[in-house]
Amino acid sequence: MDESKVRVKSLQKAMQVLNCFIEKQPLGVTEISEKLGLYKSNVHNILMTFVAMEYLEQDADSGKFRLGNSIFLLYRAMSEGYSTADIVYPYLQKLVKEVGETAYFSIPHEDEVLYLEAVYPSGLLNQSVAIQGWKVKMYCTGSGKAMMAFLDEDVIEEYIHQELPQITEYTITDPVELKKELKLIQQRGYALDNMELEIGTRCVAVPLFNRRGILEGAISVSGSALRLTDDKIMEYVDILNKYKNEICQKL
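Residues numbered from 1 in each chain as written. Predicted model: local features only at pLDDT ≥ 70, side-chain atom pairs only at ≥ 80, totals over all residues. Heavy atoms only, no water.

Some words on the overall build of the protein chain
Selection criterion: Only DSSP runs of H or I with at least four residues qualify as helices, and only runs of E with at least two residues qualify as strands; both kinds are numbered from the N terminus onward. Here the globule rule is a power law, 2.2 Å times the number of residues to the power 0.38, and the radius of gyration is based on C-alpha atoms. Two residues form a contact once any of their heavy atoms are found within 4.5 Å. Each accessible area is a Shrake-Rupley estimate made with a 1.4 Å probe; only the visible protein chains count as cover when residues are assessed. Charged-residue counts in this description rest on Lys and Arg as positive and Asp and Glu as negative, His and the chain ends being excluded. To locate a charge, take NZ of a lysine, CZ of an arginine, CG of an aspartate or CD of a glutamate.
For the protein chain, the count of helices and strands is 9 helices and 8 strands. In terms of overall size, the protein chain behaves like a compact globule, its C-alpha atoms giving a radius of gyration of 20 Å where 251 residues would be expected to give roughly 18 Å. Each principal axis of the C-alpha atoms in the protein chain carries an extent, and together these give about 55 × 40 × 40 Å. Of the contacts made within the protein chain by residues no fewer than 6 positions apart, 53% connect residues no fewer than 24 positions apart. Within the structure as shown, the protein chain displays about 13700 Å² of accessible surface, and the carbon and sulfur contribution to it stands at 52%. Across the protein chain, the centroid of the 27 positively charged side chains sits 4 Å from that of the 36 negatively charged ones.

Listed below in structure tokens is the structure:
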């Protein structure tokens, strides 16, 4: 963020408080105060203002705060105004019908993956979980690596040399190994998340480019590692590429 462009410091402070909930929730006044170096009274006043506006909600028992309904409404407004999501969503529905696994559409957001759409197979237990609006670091997800591999070389170099926490025992955190992985993705055109974000879950993803060759996002299929065998992965790569080609013609 360019500090020289900040005109309303009080608004900046309030948004810093709200942004704390991206990494973790629920959160209490003390946690936020210590993280941002702000007085507890200031933090409390900001939090209660967000509660009044329904951007946050407060748990009656613990007194801690979590994101509220107004955040979701903002996300929906953004998603509805994002034409690429409108184009991709019907293809996610076709994809899920064909493979019987969960399908996602995501876009790059700085060094993270921002999930805009998700379609779940009928009867899947966690289909009520709203992943839309979630952000996850690129290096440990299929979609993230599918997009990262096609970023500018200097951006990749900067990314792979930052701190890369070990999420699971399979997460690639070594810069040299991650760079090899990205080169492989460039060559074959798809990326895998081999239980790197969550044990028991595999994911395969392909990048989406518009007709000018500019990276727009990625589509992916995710499911149980028991079901997504290597043979299934290769089958899904063909299906993903089929829909990718159709989508890219419309972007």
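Some words on the sheet that holds strand β5 (residues 135-137)
Convention followed: By the convention used here, strands pair only if DSSP detects at least 2 bridges between them. For helices, the axis comes from a line fit to the C-alpha atoms of the stretch in contact; other axes are also lines fit to C-alpha atoms, and the angle between any two N-to-C directions lies between 0 and 180 degrees.
Sheet architecture is open: 6 strands sit in the order β5-β4-β3-β8-β7-β6, paired in antiparallel fashion. In this open sheet, the two edge strands, each paired with only one partner strand, are β5 and β6 (191-194). Averaged over all pairs of adjacent strands, the angle between their axes in this sheet comes to 30°, without regard to strand direction. Two elements, strand β7 (residues 201-209) and strand β8 (residues 215-224), share 9 bridges in a ladder whose sense is antiparallel.

Brief notes about unusual backbone geometry
What counts is decided by this rule: Relative accessibility under 20% of the residue-type maximum defines a buried residue, over 50% an exposed one, and the middle range a partly exposed one, all with a 1.4 Å probe and only protein chains included.
Here the amide bond leading from Q25 into P26 is cis, since omega sits at 0°, within 30 degrees of zero. With respect to the secondary-structure elements, P26 resides in the loop between α1 (9-23) and α2 (29-36). A positive phi angle, near 65°, is found at E54, a position not held by glycine. Mapped onto the fold, E54 is located in the loop between α3 (40-52) and β1 (56-58). Its relative accessible area of 47% is what places E54 among the partly exposed residues. Phi is positive for M195, close to 60°, though the residue is something other than glycine.

What is shown is where atoms sit, not what they do.
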